[in-house]
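Survey of secondary and tertiary structure
Chain by chain, the residues run as shown.
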Amino acid sequence: MLTSLFVTLGLMHLIALASPGPDFALILRTSLHRPTALGAALGISLAIMVHATLSLTGISMLIASHPLLFMVIKCCGALYLGWLGWGALMAARQQSSTVMANAANELRGWG
């Protein structure tokens, strides 16, 4: 019984991994630079392995059954997403000012 459950979960996981998603987009974006693409693939694989291990060992059920622990993990995740969003906004702001400076130089050059 346990073996058939494990094989079923493994097949479902394999099908889910074969479908394109954000992981595929990241690998596709970094595929021109081999070391970067290999690093991204290794990171994605390790993250999936950790998540699958935690799910199969019941740690996810333990976290879900303790509301305080679950809230702490959710708050940490929210803070991390906020930090990523702030970094993305700052990077976009820097890029837009760089683009504006380059555009101003190009216009001056044609003048």
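First, a word on what this report is: a plain description of the structure on this page. Everything numeric here is computed off the predicted structure, so don't read it as measured data. (Residues numbered from 1 in each chain as written. Predicted model: local features only at pLDDT ≥ 70, side-chain atom pairs only at ≥ 80, totals over all residues. Heavy atoms only, no water.)

**Some details on the overall build of the protein chain**
Spelled out, the test is: Think of it this way: any DSSP run of H or I at least four residues long counts as a helix, any run of E at least two long counts as a strand, and we number them from the N terminus. When accessible area is computed with a 1.4 Å probe and restricted to protein chains, residues below 20% of their type maximum are described as buried, those above 50% as exposed, and intermediate ones as partly exposed. Accessibility throughout is a Shrake-Rupley quantity obtained with a 1.4 Å probe, and a residue counts as covered only by protein chains that appear here.
Regarding its fold elements, the protein chain presents five helices and zero strands. When the elements of the protein chain are put in sequence order from the N terminus, they spell out α-α-α-α-α. Residue burial in the protein chain is summarised as follows: out of 111 residues, 4% are buried. Surface exposure of the protein chain reaches about 9600 Å², of which carbon and sulfur atoms provide 76%.

**Notes on a nonpolar patch on the surface**
Spelled out, the test is: Patch membership needs two things, relative accessible area over 30% and no salt bridge, and members are linked within 9 Å if like-charged or within 5 Å if nonpolar (Val, Leu, Ile, Met, Phe, Trp, Tyr). Criterion for a salt bridge: a side-chain nitrogen of Lys or Arg within 4 Å of a carboxyl oxygen of Asp or Glu.
A surface patch of nonpolar side chains, amounting to about 600 Å² of accessible area, comprises Leu42, Leu46, Met49, Val50, Leu54, Ile59 and Leu62. For the nonpolar patch, the secondary-structure elements that each account for two or more residues are α3 (34–57) and α4 (59–65). Counting residues per element, the nonpolar patch draws most heavily on α3, which supplies five residues. Looking at Met49, the relative accessible area reads 48%, which means it is partly exposed.

**With respect to the packing of helix α2 (residues 22–30) against α3**
Heads up, the condition is: To obtain each axis, a line is fitted to C-alpha atoms, and for helices this fit is confined to the stretch in contact; angles are then taken between N-to-C directions over 0 to 180 degrees. By definition in this entry, angles of less than 35 degrees are roughly parallel, angles greater than 145 are roughly antiparallel, angles of 65 to 115 are roughly perpendicular, and the rest are oblique. What makes a crossing left-handed is the near helix being turned counterclockwise from the far one by less than a right angle; a clockwise turn instead makes it right-handed. Contacts are assigned to residue pairs with any non-hydrogen atoms lying within 4.5 Å of each other.
Between α2 and α3, the least distance of the axes is 8 Å, while the angle of their chain directions is 165°. Comparing the axis directions of α2 and α3 gives the class roughly antiparallel. As for how α2 packs across α3, the hand of that crossing is right-handed. Contacts between α2 and α3 involve Asp23, Leu26, Ile27 and Thr30 from the former and Thr36, Ala37, Ala40, Ala41, Ile44 and Ile48 from the latter.

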